[in-house]
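Here is how the chains run, residue by residue.
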Amino acid sequence: VQLQASGGGLVQAGGSLRLSCAASGRTFSSYTMGWFRQAPGKEREFVAGINRSGGATDYADSVKGRFTISRDNAKNTVYLQMNSLKPEDTAVYFCAADTTYRYRAPRVGYEYDYWGQGTLVTVSS
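Nothing here was measured: the structure is a model prediction, and the numbers come from that model.

Thresholds applied
As a convention, each chain's residues are numbered from 1 in the sequence order in which they are written. The predicted nature of this model means local features are confined to residues of pLDDT at least 70 and side-chain atom pairs, given and counted, to a pLDDT of 80 or more, with totals for whole chains, interfaces and linings taken over all residues. Heavy atoms throughout the structure, all of them, feed into the side-chain values; hydrogens and water do not. The helix count covers DSSP runs of H or I at least four residues long, the strand count covers runs of E at least two residues long, and both are numbered beginning at the N terminus. Type-normalised accessible area, obtained with a 1.4 Å probe on protein chains alone, sets the label of each residue: buried when under 20%, exposed when over 50%, and partly exposed for intermediate values. Here, residues are in contact when the closest pair of their heavy atoms is within 4.5 Å. Side-chain atoms alone can form a polar contact between residues adjacent in sequence; in general such a contact is a pair of N or O atoms within 3.5 Å, and within protein one must be able to donate a hydrogen while the other accepts it. We define a nonpolar core as any set of buried Ala, Val, Leu, Ile, Met, Phe, Trp, Tyr and Cys residues linked to one another through side-chain atoms lying within 4.5 Å.

A word on the environment of Asn 51
- Position of Asn 51 relative to the elements: it lies in the loop between strand E5 (45-50) and strand E6 (57-59).
- According to the relative accessible area criterion, Asn 51 is buried, its value standing at 6%.
- Taking the C-alpha atoms as reference points, Asn 51 and Asp 98, separated by 47 residues in sequence, lie 9.4 Å from one another.
- Beyond its immediate chain neighbours, meaning those up to four positions away, Asn 51 contacts Tyr 31, Thr 32, Ala 56, Arg 71, Arg 102 and Tyr 103.
- In this structure the side chain of Asn 51 is engaged in a polar contact, spanning 3.0 Å, whose partner is the backbone nitrogen of Gly 54.

Okay, here's the thing in structure tokens:
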């Protein structure tokens, strides 16, 4: 499985970005998907997750109400819509795939089997 994240860039505080993560292979619909981020000098942290069908989502408290995760299984793609961006959202964002069946996406990185290369989001104040 290969994951390709895109959509990062430079945006002013209060602005929006939509990240995309395209997956290879024909079994994307069986993967639980997650977005994580890592800011300079900080550990990687969970941002959002979505189960196979898209019927269950989960968010870190820091992004709840501002970010929305979604997926299009027909396009093998998961999205992260980020609104009301803050400077503290600046980080490299990674998408990840978990091939184990779960109702909800895990919040810990070691549960995920495949990772994308990351896309940089910079929010200026």
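Overview of the nonpolar core
- Counting 35 residues, the largest nonpolar core has Met 33, Trp 35, Leu 80, Met 82 and Tyr 93 as the members making the most contacts within it.
- Elements with a minimum of two residues in this core: strand E1 (3-6), strand E3 (17-23), strand E4 (32-38), E5, strand E7 (67-72), strand E8 (77-82), strand E9 (91-98) and strand E11 (119-124).
- The element that contributes the greatest number of residues to this core is E9, accounting for 5 residues.
- In this structure Met 82 touches Gly 15, Ser 16, Leu 17, Leu 19, Arg 66, Phe 67, Tyr 93 and Val 121, once residues within four positions along its chain are discounted.

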